Protein chains: 2
Amino acid sequence: MEKEKGKITLKDVARMAGVSRGTVDRVLHNRGDVSKRSYDNVMRVIKDIGYEPNIYASILAHDQNRSVVLLLPSYHTGEYWEMAARGAEQAKAYARTFNVSIETVLYDQYDIDSFREACIQLLGISPAAVVLAPVFRNETAVLTAVLRERGIPYSYVDTKLEEDGYLTFYGMPMYKSGYLCAELLFDSISSVPESADQMKVAIIRIERDKNRKSDPTVTRREGFFDYMTEHYPNVEIRSVFINPRDPGSIIETLSSFFESNPGITHVAMFNSRVHLIAPALETLRAGDMPRAVGFDNLDDNLAALRRGSIRYLITQHTDEQTRLAINSLVDYLVLNKEPERRDNYMHMDILSRNNVDDY
Amino acid sequence: MEKEKGKITLKDVARMAGVSRGTVDRVLHNRGDVSKRSYDNVMRVIKDIGYEPNIYASILAHDQNRSVVLLLPSYHTGEYWEMAARGAEQAKAYARTFNVSIETVLYDQYDIDSFREACIQLLGISPAAVVLAPVFRNETAVLTAVLRERGIPYSYVDTKLEEDGYLTFYGMPMYKSGYLCAELLFDSISSVPESADQMKVAIIRIERDKNRKSDPTVTRREGFFDYMTEHYPNVEIRSVFINPRDPGSIIETLSSFFESNPGITHVAMFNSRVHLIAPALETLRAGDMPRAVGFDNLDDNLAALRRGSIRYLITQHTDEQTRLAINSLVDYLVLNKEPERRDNYMHMDILSRNNVDDY
DNA sequence: CAATTTGCCGTGCGCGTGCACGGGAACCGT
DNA sequence: ACGGTTCCCGTGCACGCGCACGGCAAATTG
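Reading the values: the criteria
Residues numbered from 1 in each chain as written. Chains lettered and ligands numbered in written order. Predicted model: local features only at pLDDT ≥ 70, side-chain atom pairs only at ≥ 80, totals over all residues. Heavy atoms only, no water. Axes fitted to C-alpha atoms, helices over the stretch in contact; angles between N-to-C directions. Helix = DSSP H or I, 4+ residues; strand = E, 2+ residues; numbered from the N terminus. Parallel < 35°, antiparallel > 145°, perpendicular 65-115°, else oblique. Contact = heavy atoms within 4.5 Å. Nonpolar A, V, L, I, M, F, W, Y, C, P; charged D, E, K, R; others polar. Near = heavy atom within 4 Å. Buried area = accessible area lost by both parts, 1.4 Å probe. Salt bridge = Lys/Arg side-chain N within 4 Å of Asp/Glu carboxyl O. 1 Å grid on protein atoms, 1.4 Å probe; cavity = no way out; pocket = protein on both sides within 12 Å on 5 of 7 lines; lining within 4 Å. Points joined across faces, edges and corners; volume = space filled by probe spheres on them. Expected span 1.5 Å × (residues − 1). Buried < 20%, exposed > 50% of the residue type's maximum accessible area, 1.4 Å probe, protein only. Arc of directions from axis to C-beta. Pairing = 2+ DSSP bridges. Polar contact = N/O pair within 3.5 Å; in protein donor to acceptor, adjacent residues only side chain to side chain. Right-handed = clockwise from strand over helix to strand, strands pointing away. Least-squares fit on C-alpha atoms with pLDDT ≥ 70 in both.

Let's talk about the packing of helix H2 (residues 21–28) of chain A against helix H3 (residues 36–49) of chain A
Residues and elements named next belong to chain A.
Logical step 1: Running from N to C, H2 and H3 cross one another at 80°; their axes reach a closest spacing of 10 Å. With respect to H3, the element H2 is oriented roughly perpendicular. Note on element contacts: H3 touches H2 through Ser38, Tyr39, Val42, Met43 and Ile46, opposite Thr23, Val24, Val27 and Leu28.
Logical step 2: Residue composition of the contact of H2 with H3, grouped by class: seven nonpolar, two polar and no charged.

The following block contains the structure:
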């Protein structure tokens, strides 16, 4: 289906359209100084013979080094956003193939001013494209407005804003993920529903700062509760809040929680930090471990999974998200390739003790 | 970490080594006519300054069209090997970036002569690289010997032969997949082991032709049985054979099986064809569906999963396997990039009704 | 010693595109 | 009629590399 022999070049187009290479070039890149007549001629020929520019020659001649900037919350090793950064690392290999480099700009996700500074820094780089996670919604809207104005394409990862200026979005179906979480928790007794009376669920949540950040896990929680009301309306559900900034306090919090709420058989956590409660479960409930399900393949989570203190992890391929987002932008920039889909919901992986190894 | 400004070119290397571009070129491509002195000089400079050729210029100048051939059993839509072919489709996009095209050569997996013919056809194409699944072990060994002799790199997918001439292998950890299969089947009652007495497992197998083909699922079966003896040594396990060539017979076979083996609560199947027994389960066991687990994300399997007649599917990303295998070969051919790992065991995905949608 | 071969090596051209430069024609105003 | 714009357009060089061609010196041969 490809006839590689008689490759059609720009020169051929020029000849067939009765103009020079320069004119074809001007048409291809919309840089004016072309009469309507010539323009139409060239366009017709291009369409007729299906001309496609040779990207090697193009890149070779261009020889410019564009950069795609990834705008992320800063992270320590083992934290959620590190995975996103890891994805960028993988994308680099692909991007460098096309002479585009990946820069990462970080900000403190608890400090809105640092986000604003990061935006300024980002614009200073004058990137060819941007990948970002809209942690601060309003400020992100400001940034993307500037990007649109400057004609810089951008993609969302993790979450998106409800506008339509972005090129692509890669994220997780949050509602479904909560639903799935509940299923994995309670699948164990679906064949013996009468035992549902003996179950009690604990939902571990994070004490949140009062800031303007968005909390994507609310949707996940909805999915979870909908599953519960549909399948196990009588199961007791309790919530407890822990403070991730003070790891020492967690075991105390949970200890008193378990005392005042005896008979907890299931534990769910809707963000990436199940690993924080794993040690507490192991010491407080060594005898009768509740069945625990959490999210995201952080190293600490995987370790807890292997130890058996977490039963299942649902992962959203955070690294893949950034990788694909970057790739879509690179394809768009270099190959003029429109993405297949704008909104891309990633597949959720279910991880158990027995399939983590080759992850 | 990249200094893109002063890109090092072949000319720079030539200058620094005190030779001409031609000589450097001869060194790079091992085509002789270079004195030992010059050779050493050039090699030293290359290593010192970390010269890397510009592949765009290289491809542009070279302008040759190589092809990678994928050697697979022929398939009908919805069958296992179709997924492998699908992966090739995805790899095409990447490959064409480098002026390499992907050809597929098919053979009848039940006819060894057709395989031999396919090999001849393959060699006729004089491919730059080959991806293959060693269905016929001995004949595959013959083929790979020829490939090695001709210096054509090749990669295995799905299964591999025990030799070390291949560039990469992408497959599934078969033993673990069987183990995982058992866990997913019986996880439901792990907290109430006393009910294990009431369980009965059926293993559905395929009547095999008597040919020299390899059966990779034996290892999977081992993993399954090991899990069972470790965790539920007293559970009854029965096997039943169905004939995939005669779909009409399946329901009869299973009907009489269920009659003579009442109380089957769990069903496992170790190849990609669970979809064959799903309708039978739905009609024969509508009231008390046994819990069924199978393998591979064939469309029919996914449909059965959605209908609820299969509880879990374990998938091995067959499409990814071929995609990655092809990519590894392309990288090796074009970029001279050695693969990171030779043997690559893919992650197993667990698919349930609630996470198939975004697959 | 002349003629030829062999071992090494440098140079020039072409791959297809981006872009700067300059130039011709038409149009304007004086 | 003439200088000055404006609008279009063609050409030449550069990008980095592969490869063919030819050349020079040393080694070999008759």
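A short note on the protein's contact with DNA strand C
Logical step 1: Close to DNA strand C lie 25 residues, the nearest being A:Leu10, A:Tyr51, B:Ser20, B:Arg21 and B:Ser38.
Logical step 2: Those elements that place two or more of their residues in the surface near DNA strand C are H2 and helix H4 (55–62) of chain A together with helix H2 (21–28) and helix H4 (55–62) of chain B.
Logical step 3: In the surface near DNA strand C, the residues fall into nine nonpolar, 10 polar and six charged.

Digging into the interface of chain B and chain A
Logical step 1: Counting residues at the interface gives 42 residues for chain B and 41 residues for chain A.
Logical step 2: Interface of chain B and chain A: buried area, both sides summed, is about 3,900 Å²; carbon and sulfur atoms make up 45% of it.
Logical step 3: Together, B:Tyr56, B:Asn354 and B:Asp358 form the three largest contributors to the area buried by chain B at its contact with chain A, with a combined 19%.
Logical step 4: The closest approach of N and O atoms between A:Arg353 and B:Glu183, which form a salt bridge, is 3.9 Å.
Logical step 5: Broken down by secondary-structure element, the contributors of at least two residues to the side of chain B that touches chain A are H4, helix H5 (80–96), helix H8 (174–186) and strand E12 (349–351) of chain B.

Looking at empty space enclosed by the protein
Residue and element names in this part refer to chain B.
Logical step 1: In this structure the tally under the stated criterion is two cavities of 30 Å³ or more.
Logical step 2: Ranked by the residues each element gives to the lining of the second largest cavity, the list is headed by H5, at three residues.
Logical step 3: Of the residues that constitute the lining of the second largest cavity, the class distribution is two nonpolar, two polar and four charged.

Examining helix H3 (residues 36–49) of chain B
Residue and element names in this part refer to chain B.
Logical step 1: Helix length check: H3 (14 residues) gives 20 Å between terminal C-alpha atoms against 20 Å at 1.5 Å per residue, within 8%.
Logical step 2: For H3, the complete set of buried residues consists of Ser38, Asn41, Val42, Val45 and Ile46. Each buried residue of H3 sits inside an arc of 130° when the element is viewed along its axis, so together they form one side. More than 90 degrees from the buried face of H3, the exposed residues found are Lys36, Arg37, Lys47 and Asp48.
Logical step 3: Downstream of H3 by a residue or two, Gly50 has a phi angle that is positive, lying close to 65°.

Some thoughts on the sheet that holds strand E2 (residues 100–107) of chain B
Residue and element names in this part refer to chain B.
Logical step 1: Reading across the sheet, the six strands line up as E2-E1-E3-E4-E5-E11 and stay open at both edges, with parallel pairing between neighbours. Looking at strand neighbours, the two that pair on one side only are E2 and strand E11 (343–345), the edges of this open sheet. Shown here is a sheet whose adjacent strand axes are inclined to one another by a mean of 15°, direction ignored.
Logical step 2: Relative to E2, strand E1 (residues 66–73) runs parallel, the two sharing eight bridges. Bridge pairing links Val69 to Glu103 in E2.
Logical step 3: On the sheet, helix H6 (residues 112–125) packs against E1, E2 and strand E3 (129–132) and is oriented at approximately 160° with respect to E2.
Logical step 4: Packing against the sheet, helix H13 (residues 318–334) makes contact with E1, E2, E3, strand E4 (154–158) and strand E5 (169–171), and its axis sits at approximately 170° to E4.

With respect to the environment of B:Ser38
All names here are of chain B.
Logical step 1: Positionally, Ser38 belongs in helix H3.
Logical step 2: What makes Ser38 buried here is its relative accessible area of 18%.
Logical step 3: Taking C-alpha positions, Ser38 is 8.7 Å from Val24, a pair spaced 14 residues apart along the chain.
Logical step 4: The contact partners of Ser38, leaving out residues within four places of it in the chain, are Val19 and Thr23.
Logical step 5: A polar contact of 3.1 Å, which involves the side chain of Ser38, links it to the side chain of Ser35.

Some details on the protein's contact with DNA strand D
Logical step 1: A:Ser20, A:Arg21, A:Ser38, B:Leu10 and B:Tyr51 are the nearest of the 25 residues found near DNA strand D.
Logical step 2: Of all atoms in DNA strand D that approach within 4 Å of the protein, 64% are sugar or phosphate atoms.
Logical step 3: A distance of 3.4 Å is found between a base oxygen of DNA strand D and a backbone nitrogen or oxygen belonging to A:Ala61.
Logical step 4: Grouping the amino acids of the surface near DNA strand D by side-chain chemistry returns nine nonpolar, 10 polar and six charged.

Observations regarding the pairing of strand E10 (residues 312–315) of chain A
On a regular strand, each side chain points to the face opposite its neighbour's, so the side chains alternate between the two faces of the sheet.
All names here are of chain A.
Logical step 1: The alternating pattern of E10 places Tyr312 and Ile314 on one face and Leu313 and Thr315 on the opposite face, and all of these are buried.
Logical step 2: Pairing between strand E9 (residues 291–295) and E10: three bridges, direction parallel. Bridging from a neighbouring strand, Phe295 pairs with Ile314 of E10.
Logical step 3: The β-α-β motif built from E9, the intervening helix H12 (residues 299–307) and the parallel element E10 has right-handed crossover chirality.
Logical step 4: In this sheet, strand E12 (residues 349–351) lies alongside E10 in antiparallel orientation, the contact comprising three bridges. The partner of Ile314 across the bridge, within E12, is Ile350.

Some thoughts on the sheet that holds E12(A)
Residues and elements named next belong to chain A.
Logical step 1: Spatial strand order, E7-E6-E8-E9-E10-E12: six strands in an open sheet with mixed pairing. Looking at the sheet topology across the chains shown, the edges are occupied by strand E7 (236–242) and E12. For this sheet, the mean angle separating the axes of adjacent strands, direction not counted, is 20°.
Logical step 2: As paired elements, strand E8 (residues 266–269) and E9 share three bridges and run parallel to each other. Counted as the bridge partner of Ala268 is Val293 from E9.
Logical step 3: On top of the sheet, helix H8 (residues 174–186) reaches strand E6 (200–206), E8, E9, E10 and E12; it is set at about 160° to E9, its chief contact.
Logical step 4: The strands that H12 touches are E9, E10 and E12; relative to E10, the one it contacts most, it runs at about 150°.

Examining the relation of the copies chain B and chain A
Both copies of the chain are related by a screw-like operation: a rotation about an axis and a shift along it.
Logical step 1: Note on the identical chains: chain B maps onto chain A by a rotation of 180° and an axial translation of 0.1 Å, with an RMSD of 0.2 Å. The operation mapping one copy onto its partner corresponds to a two-fold rotation axis.
Logical step 2: A shared binding surface is used by both copies, with 98% of the interface residues of chain B retained as interface residues in chain A.

Some remarks on the pattern of salt bridges
All names here are of chain A.
Logical step 1: If you walk through the whole model with that rule in mind, you get 33 salt bridges over all chains.
Logical step 2: Here Glu282 and Arg307 are joined by a salt bridge, their closest N and O atoms 2.8 Å apart. Taken together, the residues span a long stretch of sequence, with Glu282 in helix H11 (residues 278–284) and Arg307 in helix H12 at a distance of 25 residues.
Logical step 3: Relative accessible area serves as the criterion here: at 28%, Glu282 is assigned to the partly exposed category.
Logical step 4: Put simply, Glu82, Arg86 and Asp299 are held in one network by salt bridges that share partners.

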